[in-house]
Amino acid sequence: MLVKLVLWLGGFGTHRLRRLGRSGIFLVESLACLVTPPVKWGRIVKRVQFIGWQSTGLICLTGAFTGMVLALQGYSTLKRVGSEALLGPLVALSLIRELGPVLAALLVTGRAGSALTAEISIMRNNEQIDAMELMGLNPLRYLVLPTMVAGVISMTILTWIFDVVGIFGGYLIGVKLLGLPTGTYFGEISRYLEMDDITGGIYKSLSFGLIMTWICCYKGYFTGLGAEGASKATTQAVVTTSVFILIWDFFITSVIF
Amino acid sequence: MIRIENLEKKLAGSEVLRNVSLQVEKGEFVALIGGSGSGKSVLLKHIAGLMQPDAGHIWLDGVDLCSARKKTLEKIRRRYGFVFQGGALFDSMTIYENLAFPLEEKTRLSEVEIKEKIAKTLEQVELAGVESKYPAQLSGGMVKRTALARAIIMDPEIIFFDEPTTGLDPIIADSMLKLFDAFRKRLNLTGIIVSHRIPQIFSIVQKVAMLHKGMIITAPCENGSINTENEIIRQFVEGTIEGPVQYE
Ligand SMILES: Nc1ncnc2c1ncn2[C@@H]1O[C@H](COP(=O)(O)OP(=O)(O)OP(=O)(O)O)[C@@H](O)[C@H]1O
Ligand SMILES: [Mg+2]
């Protein structure tokens, strides 16, 4: 009984370990295509369009409302301690250091990451990836790497859009609705916002972009058979990416800030 | 040319290939036949190096594919033309882009030359004028013919066609078979064609290989008819229910 349990645990462990190793090799081999030309810039642009451009509407909408709710909540809290003037820095710092990168990453995962996994799963099951390989065209170079590069670029830009729109949303609530002076709102932001906050946010969104495209491409690339396999892969990709992003966020925050 | 020796492969717990041996000479076409699910597609994928066998070897001009390095395998694949059973067209690209993709990436042809070559190849498969369509907008038979066009556009020496004529109407199907025959004679092609187009397929191949219970039975083909005493092949070719093999 005990032996069986140990064996089962061992088997489970090695299985997990092997999968982890495989996903690591997948990442390294894909990134290796970046240093061994040719890099397919045209495909990267197309991917940016797919991941980034098509998500901008969603990011603007959610960014605005996040900034607005931050301002509402922040204002009522700050008012209790009599420092409403600090509403601007509260909204801006929360967004730039934390909420912008994380929320944008989670939204883009739901919007574009799931589509990526579904697309690559279908390409695998329709033998399109095999066909590419047979033509001597490495799918990692033509499919995966452009997606990863585009993911990193798009995520960074989208996070910035999210932050800027969010700060503007906070301005609408704080200044237009609650009557804070415009000068106070933006003046206090520029007084308290430091370069480290901005670079920290950028590091976050860069790594989130890579994590998202890595996991989503990997899950699609090694998908199960048929429609069931593809749907499973898509669900797993979104869940794994979201969890991983939140865990990674904790570690990176504790290191860089 | 191609020599397959004692190939074995288990998939999802069932022995799909048990002991497959087959030899294909240069300039020879072999028809691969066998019941649905007998492992024809799986066998082709092994020869293409897309699947690894559990045991056995595949030799191509003396090179063992199963232990070949990536570079060697890539070089060998450059000589292949492969039609997947489902077509495997890239559905995010138009027909033109599908055909241009390997040409742009793997040859030094100019844009004009590529355009000409695509037009010529599409004409051969009787598909002129669909360049700007996407695979999802084509009928099943048109997808098949586009896949064929993509397989021959790189001027392969060895072709593997997985049911290239299934889903085509009888007239186009036969004209495709004639086209293969003309190619073989003109370019001295070697190949394996999976086809259920019996008996028409026999007039363009030199040998028939039947995959049955994980093993291969071969028979020579002459003047469009198969020359064998083997009861299993005869029963399959004649399509009768009663015989040495019992179908439920
Ligand atoms: N990737 C796979 N994983 C598990 N089993 C597979 C896989 N591919 C094929 N099989 C199984 O292998 C067997 C042979 O499949 P294959 O596609 O080679 O048949 P086939 O001879 O080409 O049939 P058809 O004439 O219908 O195309 C089938 O039982 C199939 O279920
Ligand atoms: Mg098949």
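Data block above holds the structure.
Residues numbered from 1 in each chain as written. Chains lettered and ligands numbered in written order. Predicted model: local features only at pLDDT ≥ 70, side-chain atom pairs only at ≥ 80, totals over all residues. Heavy atoms only, no water.

## Some words on the coordination of the magnesium ion (ligand 2)
Residue and element names in this part refer to chain B.
Next up, step 1: Every protein donor of the magnesium ion (ligand 2) is accounted for by Ser41 (OG) and Gln85 (OE1), and the metal-donor separations fall at 2.0 to 2.1 Å. Here the residue serine 41 occupies a position in helix α1 (residues 40-47), and glutamine 85 occupies one in the loop between β6 (80-83) and α3 (95-106), the gap between them amounting to 44 residues.
Next up, step 2: Judged by relative accessible area, glutamine 85 falls into the partly exposed class, the value being 36%. (Donors = N, O, S within 2.8 Å, 3.2 Å for Na, K, Ca; no water. Helix = DSSP H or I, 4+ residues; strand = E, 2+ residues; numbered from the N terminus. Buried < 20%, exposed > 50% of the residue type's maximum accessible area, 1.4 Å probe, protein only.)

## A short note on the interface of chain A and chain B
Next up, step 1: On the chain B side, the residues contacting the 16 residues of chain A number 20 residues.
Next up, step 2: Carbon and sulfur atoms supply 61% of the area that chain A and chain B bury against each other, a total of about 1,600 Å² over both sides.
Next up, step 3: When residues of chain A are sorted by the area they lose upon contact with chain B, Glu127, Leu134 and Met135 of chain A head the list and together hold 38% of the total.
Next up, step 4: At the junction of chain A and chain B, the tally comes to 3 salt bridges.
Next up, step 5: Across the salt bridge formed by glutamate 127 of chain A and lysine 45 of chain B, the nearest N and O atoms sit 2.6 Å from each other. (Contact = heavy atoms within 4.5 Å. Buried area = accessible area lost by both parts, 1.4 Å probe. Salt bridge = Lys/Arg side-chain N within 4 Å of Asp/Glu carboxyl O.)

## Brief notes about the packing of helix α6 (residues 139-177) of chain A against helix α8 (residues 195-221) of chain A
Residue and element names in this part refer to chain A.
Next up, step 1: Interaxial distance between α6 and α8 falls to 8 Å at its minimum, and their mutual angle equals 145 degrees. Between α6 and α8 the crossing geometry is right-handed. Counted together, Pro139, Leu140, Val144, Thr147, Met148, Gly151, Val152, Met155, Thr156, Thr159 and Trp160 of α6 and Ile198, Ile202, Ser205, Leu206, Phe208, Gly209, Leu210, Met212, Thr213, Trp214, Cys217 and Tyr221 of α8 form the full contact between these two elements.
Next up, step 2: Each residue belonging to the contact of α6 with α8 can be placed in one class, and the counts come to 16 nonpolar, 7 polar and no charged. (Axes fitted to C-alpha atoms, helices over the stretch in contact; angles between N-to-C directions. Left-handed = near helix turned anticlockwise from the far one by under 90°. Nonpolar A, V, L, I, M, F, W, Y, C, P; charged D, E, K, R; others polar.)

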